[in-house]
Amino acid sequence: MSRTPADLLRASRDALATVRTSAPLVQCITNSVVVNTTANALLALGAAPAMVDIPEEAGGFAAAASGLLVNLGTPGAEHRAAMRAAVAGATDAGTPWVLDPVAVGTLPVRTELAATLCAAGPDVVRGNASEILAVAGAGTGGRGVDATDDAESAAATAAALARRTGGVVAVSGPVDVITDGRDTVRVRNGHPHLTRMTGGGCALGAVIAAFAATGPDRLASTVAAVLTYTVAAELAADHANGPGSFAPAFLDALSTVDGAALESRAVLA
Amino acid sequence: MSRTPADLLRASRDALATVRTSAPLVQCITNSVVVNTTANALLALGAAPAMVDIPEEAGGFAAAASGLLVNLGTPGAEHRAAMRAAVAGATDAGTPWVLDPVAVGTLPVRTELAATLCAAGPDVVRGNASEILAVAGAGTGGRGVDATDDAESAAATAAALARRTGGVVAVSGPVDVITDGRDTVRVRNGHPHLTRMTGGGCALGAVIAAFAATGPDRLASTVAAVLTYTVAAELAADHANGPGSFAPAFLDALSTVDGAALESRAVLA
Amino acid sequence: MSRTPADLLRASRDALATVRTSAPLVQCITNSVVVNTTANALLALGAAPAMVDIPEEAGGFAAAASGLLVNLGTPGAEHRAAMRAAVAGATDAGTPWVLDPVAVGTLPVRTELAATLCAAGPDVVRGNASEILAVAGAGTGGRGVDATDDAESAAATAAALARRTGGVVAVSGPVDVITDGRDTVRVRNGHPHLTRMTGGGCALGAVIAAFAATGPDRLASTVAAVLTYTVAAELAADHANGPGSFAPAFLDALSTVDGAALESRAVLA
C-alpha cells in the first residue's frame, strides 16, 4: 500500500484537528429519519451543518459549502430535484460530495437516481455491503437499510466501483473497508450500538463530507472520518446502557474525541 | 372472553420472543415529528424499520414487508399518495397494516383520508380516545394530538369500529383498551412520561405493526405490542429524571424487556 | 425603560405559571431538522405542540391555535404554501405568531419569503444577529445557520425592525437582545451547549409562541420565554457531559424550571 497505517493514522489526527479548527460547512440533503441525528453529529464534531434541501437553493449553496452529502433514504420528488441541483453546483465549484445510496437495489426510484448520481463522480460513496454491491451492479440490495452482506465480501466490488467513479468507496460493517481502487484500508473500530441507533450509518456520510473538506487526499480523509466516528462509538459505549443511552453518549464522544484517542484505539490495516 | 388474561400473557411472551428472533421488516409512512423516534423504537425492539414513503416505491415495498404503519400526523400530498399505494400493496399481499389517525376530527385532509383508509380494512387502528371516536364518526376529535376523552369512554365505539373494519382497534390512554369487536382487553401498564415524549403514541403504532407480523391472532399480537411497550415504559421510568431522560431510557428498556418482565408487571383484564 | 427588570421578572414568573396551567396549543410549521426537538421542548414545558403543516389544514388550524411558529429552515413548496395559509389564518383570528427566518440573506427562496411574511406583521421575529440583520435589509446573512454577528451588533437594527413590524424582535446570542422598538431588554442567561444542540435556537421560537399566548404584552411574554429557556439551559448544563447528554437534560429542565429558578438566576437588564 502506498500509504501505511501509520501514515493514515497521522493524517487522521491532522484531519480531525483541522475539522475542529476550521468548522467546515456541510450541506446535507438527507432523509427525514436521520436529519436531526446528522446535524447533531456534525455540530458535536465541530462542523457546521446546513440542511439546504430545496431545488431553488441547493445548487448555489453547494457551490459555497465545504462539503455536501446526498443521502437517498427518503427521496421525495423535491429532494430528488434538490440533489441533482446540489451535485451540479458541487461539481462546478469543486465542492467534495458524498453519495449514500440508502437501500438501493430493488426500490426503483432511488436505484435509478443512485446510478445517475454515481455517474456524476461522487468523491465518496458510502454504504453497507448490500448497497455498495447494488450500486456497482453486483447485487440486488438488502432488505431496506439492512446489510445482508458483510463489508469484506464487497471489497473487490468496491474497489472496482472506486475506479469507475474516480473517487473513494467506503463500505460500512463490523470492519469498515475503504478503497480508492488502488489501496484498500480496513478500520476495525466501532461498536454494535451504532447499528441499533437510527442514523448510525447515515450520519457517518455527513462526517465523511466534513473531513473531505480538510484536504485533497480522499482516501486519507475518508479513513480519518471513519476512524474518528468509530473510535467515538467505542468511547460512547462505555457510558451506554443500551441503544437509547448510546445516542447522547455518542454525541458527547464526538465532541471530545481527539488525536490521542485515535492513537490509542485505532486498529487500521 | 374467549381468551383469558393468562392466555394473552403467554401469547405476549411468545410474540415478543418471535419479534426478537425474526426481526420483522416494518415499513412506516409516518409523520416528520416522530419518524426518528419510531425508527429507533423498532430498532431497539429488534425489528427492522424501513421508512419507504414515496408513491413510486411504497406499494411494492409494502407487498414484501412484514408489516406496515400508516400514520396521518403530517399528511403532505406525496405522503398521501404513498399511503394509498402502500395500503393497496399491503392489501394485495396480505401484509398486516396499522392505521394511526393522528388528530383526525376537524382537520379536513386527514379526516377524509382516514375514512378512506379505514374502509380499506386496516388490521389495527390505533389512536387516543378522541381520534378513535372521530374515526368512528362518534366524536369531533381532540385539539391536535391531545386526548380529550379517556380510553374507556371510547370502548364501545372502538368495538363497533373493530366490527366495521374487521380488525382490531387499540385505544391509548392511562388504561389501554384493545378490542376486536368481540373481546375487549384492558392493559393497565405504562407511565405518564410516555405522554410527554413526542412519538410516545405514534411509535406504538409501529410496534403494533411489528408484532402483527408474529402471527394471525390480531387481538393477541396487539395486546402483546401494547404490553411490551407499556412495561418498557415502566422499566424506563426508574431511570428517568423527566421526559428528556425518559426517551433514551425507554429505548434501552425496549431493547431489554423480556417475557419475565411482562410476567411480573402485566396488569391485564 | 417603561418596564423595569423587576417588572419583567415578575411577569416572567406569571407567564411561566400560566403556560403550565393553560397548556397553550402551539402550531408549528418548522424545518425537518428540529421538528422533533421542537415538539419535545413544548411538551416538556407543558404546552401542546401541533405540527399542522399542510396548506389545506394550516390556515383553519392557525385560527384556533393559541400560537403559531413559522420557521423557514427547510422551506419546501408545500410548507411555503402552508406558511402563507397559516399566517393568513392567524392574522384573521388574532392568533399570535412568531417568524424564525433561518439562514435568510443569500438563499433566495427563504429570503423572499421572509420579506413577504415580515410584511404581514409577525408578533415576534426571532433569529440570530446575522438573520435579523438580513431580514431588516442591513446584512447579508450568515453562512447557513451560523451567527456570524453578535446580538448586540444587531440591537439598533432589531429595534428599527420591531418598529416596522409593529411587534417584537428577539436576537439570540450569548446575550439575548429583545426589543419592541421602544424598550430593549438583555437576557444574560443561557449556556453554550444550546448552540451545539440542533434546534437550540429553533425550539426557542416555538417556546416564544407558547408564551405569547399568555397575554398581550409581547415584550414581556418574549422576555419570559427567553428567560425560561435560557435558565433551563443553565440547569441542564449541570447534568451534561457534552452536547449529547445536554439535550435530554435540557428537556428535563424545561419540565421543572419554575419561578424560583427564574428569580435566583435571571440576569436581566
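Cut-offs and rules
- Residues numbered from 1 in each chain as written.
- Chains lettered and ligands numbered in written order.
- Predicted model: local features only at pLDDT ≥ 70, side-chain atom pairs only at ≥ 80, totals over all residues.
- Heavy atoms only, no water.
- Helix = DSSP H or I, 4+ residues; strand = E, 2+ residues; numbered from the N terminus.
- Rg over C-alpha atoms; globule rule 2.2 N^0.38 Å.
- Buried < 20%, exposed > 50% of the residue type's maximum accessible area, 1.4 Å probe, protein only.
- Contact = heavy atoms within 4.5 Å.
- Areas by Shrake-Rupley, 256 points an atom, 1.4 Å probe, with all protein chains shown as cover.
- Lys, Arg positive; Asp, Glu negative; His and termini not counted.
- Charge placed at Lys NZ, Arg CZ, Asp CG, Glu CD.
- pLDDT = per-residue confidence, 0-100.
- Least-squares fit on C-alpha atoms with pLDDT ≥ 70 in both.
- 1 Å grid on protein atoms, 1.4 Å probe; cavity = no way out; pocket = protein on both sides within 12 Å on 5 of 7 lines; lining within 4 Å.
- Points joined across faces, edges and corners; volume = space filled by probe spheres on them.
- Nonpolar A, V, L, I, M, F, W, Y, C, P; charged D, E, K, R; others polar.
- UniProt positions renumbered as here; feature names shortened; annotations may be inferred.
- Buried area = accessible area lost by both parts, 1.4 Å probe.
- Salt bridge = Lys/Arg side-chain N within 4 Å of Asp/Glu carboxyl O.
- Polar contact = N/O pair within 3.5 Å; in protein donor to acceptor, adjacent residues only side chain to side chain.
- Axes fitted to C-alpha atoms, helices over the stretch in contact; angles between N-to-C directions.
- Phe/Tyr/Trp six-rings, centres within 6.5 Å; stacked < 30°, edge-to-face > 60°.
- Right-handed = clockwise from strand over helix to strand, strands pointing away.
- Pairing = 2+ DSSP bridges.

A. Molecular detail of the overall build of chain A. When you go through chain A residue by residue, the secondary structure sums to twelve helices and eight strands. In terms of C-alpha radius of gyration, chain A reaches 16 Å, essentially the compact-globule figure of 18 Å for 269 residues. In terms of overall dimensions, chain A has C-alpha extents of about 45 × 40 × 35 Å along its principal axes. Within chain A, the fraction of its 269 residues that count as buried is 64%. In chain A, the share of contacts with a sequence separation of at least 24, taken over all contacts with a separation of at least 6, comes to 71%. Counting only carbon and sulfur atoms, one obtains 53% of the accessible surface of chain A, whose full area is about 8300 Å². For chain A, the distance from the average site of its 17 positive side-chain charges to the average site of its 24 negative ones is 4 Å.

B. Inspection of the confidence of the model for chain A at higher detail. Within chain A, residue pLDDT values average 95, and 96% of them lie at 70 or more. For this predicted complex, the interface confidence score (ipTM) comes to 0.95, while the overall pTM stands at 0.96.

C. Molecular detail of the relation of the copies chain C and chain A. Rotating chain C by 120° about the axis while translating it 0.0 Å along that axis superimposes it on chain A, leaving an RMSD of 0.0 Å. This pairing of chains is accounted for by a three-fold axis. Proximity to the rotation axis, assessed at the C-alpha, singles out Ser32(C) in chain C; its C-alpha lies 3.9 Å from the axis.

D. Highlighting empty space enclosed by the protein. One pass over the structure, following the stated rule, counts two cavities of 30 Å³ or more. Around the largest cavity sit 35 residues that line it, and Asn36(A), Ala247(A), Asn36(B), Ala247(B) and Asn36(C) are the ones nearest its centre. Of the residues contributing to the lining of the largest cavity, the split by class is 20 nonpolar, 15 polar and no charged. In this structure, the second largest cavity encloses a volume near 60 Å³. Lining the second largest cavity are Ser32(A), Val33(A), Val35(A), Asn36(A), Ser32(B), Val33(B), Val35(B), Asn36(B), Ser32(C), Val33(C), Val35(C) and Asn36(C). Partitioned by chemical class, the residues of the lining of the second largest cavity number six nonpolar, six polar and no charged.

E. Examining the UniProt feature "binding site: ATP" (unreviewed entry) in chain A more closely. Residue and element names in this part refer to chain A. What UniProt calls "binding site: ATP" (unreviewed entry) maps, in this numbering, to Arg-126 and Ser-172. These annotated residues cover 47 residues of sequence, and their C-alpha atoms lie no more than 7.3 Å from one another, placing them together at a single site. Turning to its location among the elements, Arg-126 is positioned in strand S5 (residues 124-128). Looking at Arg-126, the relative accessible area reads 5%, which means it is buried. With respect to the secondary-structure elements, Ser-172 resides in strand S6 (residues 168-172). With a relative accessible area of 16%, Ser-172 lands in the buried category.

F. Summary view of the interface of chain C and chain A. Of the residues lining the interface, 27 residues belong to chain C; the matching set on chain A comes to 23 residues. Summed over both partners, the interface of chain C with chain A buries about 1900 Å², with 54% contributed by carbon and sulfur atoms. Counting every contact that joins chain C to chain A gives two salt bridges. Taking the shortest distance from any N to any O, the salt bridge between Glu57(A) and Arg110(C) comes out at 2.6 Å. Where chain C packs against chain A, one counts twelve residue pairs in polar contact (both at pLDDT 80 or more). Elements supplying a minimum of two residues to the side of chain C that touches chain A: helix H4 (77-93), helix H5 (108-119), helix H8 (193-196) and helix H11 (243-256) of chain C. Tallied by class, residues from the side of chain C that touches chain A come to ten nonpolar, twelve polar and five charged.

G. Focus on the packing of helix H2 (residues 35-45) of chain C against H11(C). All names here are of chain C. It is the contact of H2 with H11, at a shortest axis distance of 7 Å, that shows an interaxial angle of 35°. Every residue of H11 that contacts H2 at Asn-40, Ala-41, Ala-44 and Leu-45 is listed here: Leu-251, Leu-254 and Ser-255. Of the residues belonging to the contact of H2 with H11, the class tally is five nonpolar, two polar and no charged.

H. Local environment of the interface of chain A and chain B. The interface is formed by 27 residues belonging to chain A together with 24 residues belonging to chain B. Here chain A packs against chain B, burying approximately 1900 Å² in sum over the two surfaces, 54% of which is carbon and sulfur. Inspection of the chain A/chain B interface yields two salt bridges. In this structure, the connection of chain A to chain B is made through ten residue pairs in polar contact (both at pLDDT 80 or more). Mapped onto the side of chain A that touches chain B, the elements with two or more residues apiece are helix H4 (77-93), helix H5 (108-119), helix H8 (193-196) and helix H11 (243-256) of chain A. A per-class count over the side of chain A that touches chain B returns ten nonpolar, twelve polar and five charged.

I. Spotlight on the packing of aromatic side chains. Residues and elements named next belong to chain B. Scanning all chains against the criterion turns up six aromatic pairs over all chains. Taking the centre distance of 5.5 Å and the plane angle of 15° together, the rings of Phe-246 and Phe-250 count as stacked. With Phe-246 and Phe-250 both in helix H11 (residues 243-256) and four residues apart, this pair spans about one turn of that helix. For Phe-246, a relative accessible area of 0% corresponds to the buried category. A residue is classified by how much of its surface remains accessible, and Phe-250, at 1% relative accessible area, is buried.

J. Representation of helix H9 (residues 202-212) of chain B. By the criterion of burial, H9(B) is predominantly enclosed, with eleven of the eleven residues buried. Within H9(B), the full set of buried residues consists of Cys202(B), Ala203(B), Leu204(B), Gly205(B), Ala206(B), Val207(B), Ile208(B), Ala209(B), Ala210(B), Phe211(B) and Ala212(B).

K. Fine view of the side chain of Thr38(C). All names here are of chain C. Relative to the helices and strands, Thr-38 resides in helix H2. Residue Thr-38 is classed as buried on the basis of its relative accessible area of 0%. The residues contacting Thr-38, other than those within four sequence positions of it, are Cys-28, Met-51, Cys-202, Ala-203 and Ala-206.

L. View of the pattern of salt bridges. One pass over the structure, following the stated rule, counts 36 salt bridges over all chains. Of the charged contacts, one joins Arg126(A) and Asp100(A) as a salt bridge, the two residues approaching to 3.0 Å between their closest N and O atoms. Linking Arg126(A) in strand S5 with Asp100(A) in strand S4 (residues 97-100), this pair joins segments that are 26 residues apart in sequence. Its relative accessible area of 0% is what places Asp100(A) among the buried residues. The closest approach of N and O atoms between Arg3(B) and Asp180(B), which form a salt bridge, is 2.9 Å.

M. Main features of the environment of Gly60(C). Inspection of the secondary structure puts Gly60(C) in helix H3 (residues 55-64). Each C-alpha atom, one on Gly60(C) and one on Leu9(C), is 35 Å from the other, the two residues being 51 residues apart in sequence.

N. Just the pairing of S4(A), in detail. All names here are of chain A. Here S4 shows no split at all, with Trp-97 and Leu-99 on one side and Val-98 and Asp-100 on the other all buried. Remark: the strand S3 (residues 67-71)/H4/S4 crossover connection has right-handed handedness. As defined by bridge partners, S4 adjoins S5 across two bridges and the pair is classed as parallel. Bridge assignment links Leu-99 to a residue of S5, and that residue is Val-125.

O. Just the UniProt feature "binding site: substrate" (unreviewed entry) in chain A, in detail. Cross-referencing UniProt, the feature "binding site: substrate" (unreviewed entry) maps to Met51(A) and Gly199(A) in the present numbering. The residue Met51(A) is located in the loop between strand S2 (48-50) and helix H3 (55-64) in this model. Apart from the residues lying within four places of it in its own chain, the contact partners of Met51(A) are Cys28(A), Val35(A), Thr38(A), Ala39(A), Val33(C), Gly73(C) and Thr74(C). Tracing the sequence through the fold places Gly199(A) in the loop between H8 and helix H9 (202-212). Those residues in contact with Gly199(A) that sit more than four places away from it in its chain are Val34(A), Leu204(A) and Tyr229(A).

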